[in-house]
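# Overview (structure and organization)
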Amino acid sequence: MAAMTIGQVAQQAGVGVETVRFYERTGLLSAPPRRASGYRQYTQEAVRRIQFIKRSQELGFALKEIRELLCLRVDPDTTCGDVRQRAEAKMADIDAKLRDLQRMRQALATLVAACDGYGPTSHCPILEALEAQSACR
């Protein structure tokens, strides 16, 4: 297995060099051994791990949750059911966010419908509604 530089790992994983360094600092990626010259020597496993992290982020997992998933991967007592529970919990979080976004969208749609887009901003129904909302808090 050929050793790679940080730049090669970053390129193969589709991230920037600073992302690789960040993952090392946060413990998501182990610091690789160094050559006598001081350069880090990465393996293909680093690329796979970074890709795992990125795919997990794309599915909505936070770095803390990704760290937990990575730990589950190497824990011999972990079952697929344990991983499934984490995925189901993430789906529930996403569903809650979708409901919140739908409520926000509906509230904005109501405000937009109340505004014909003409006239001065001093009589804008959207701004007036926002001011009335903030005055109550």
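The following paragraphs examine the structure supplied in this document. What you see is a predicted model; the values in this text were computed from it and never measured. (Residues numbered from 1 in each chain as written. Predicted model: local features only at pLDDT ≥ 70, side-chain atom pairs only at ≥ 80, totals over all residues. Heavy atoms only, no water.)

The subject of this paragraph is the environment of Ile66. Relative to the elements of secondary structure, Ile66 occurs in helix H4 (residues 63–74). Under the relative-accessibility criterion, Ile66 is labelled buried at 0%. For Ile66, the contacting residues outside a window of four places in its chain are Leu28, Phe52, Ile53, Ser56, Gln57 and Phe61. (Helix = DSSP H or I, 4+ residues; strand = E, 2+ residues; numbered from the N terminus. Buried < 20%, exposed > 50% of the residue type's maximum accessible area, 1.4 Å probe, protein only. Contact = heavy atoms within 4.5 Å.)

The first and last C-alpha atoms of H4 sit 17 Å apart over 12 residues, in line with the 16 Å expected at 1.5 Å per residue. Contact partners of the buried residues in H4: helix H3 (44–58) and helix H5 (80–113). (Expected span 1.5 Å × (residues − 1).)

A word on a nonpolar patch on the surface. A grouping of Ile94, Leu98, Leu101 and Met104 is seen on the molecular surface, where their side chains present a nonpolar patch of about 370 Å² in accessible area. Given the relative accessible area of 47%, Met104 is considered partly exposed. (Patch = residues over 30% accessible without salt bridge, like charges linked within 9 Å, V, L, I, M, F, W, Y side chains within 5 Å. Areas by Shrake-Rupley, 256 points an atom, 1.4 Å probe, with all protein chains shown as cover. Salt bridge = Lys/Arg side-chain N within 4 Å of Asp/Glu carboxyl O.)

On to the side chain of Thr78. Here Thr78 shows up in the loop between H4 and H5. A distance of 3.5 Å separates a polar atom in the side chain of Thr78 from the backbone oxygen of Leu72. (Polar contact = N/O pair within 3.5 Å; in protein donor to acceptor, adjacent residues only side chain to side chain.)

In this section: the environment of Val20. Inspection of the secondary structure puts Val20 in helix H2 (residues 17–25). Exposure remark for Val20: the relative accessible area of 0% places this residue in the buried category. Each C-alpha atom of the pair Val20 and Ala46 lies 9.1 Å from the other, and the pair is 26 residues apart in sequence. Every residue in contact with Val20, bar those within four places of it in the chain, is listed here: Ile6, Ala10, Val15, Leu29, Tyr42 and Ile50.

By themselves these figures say nothing about function.
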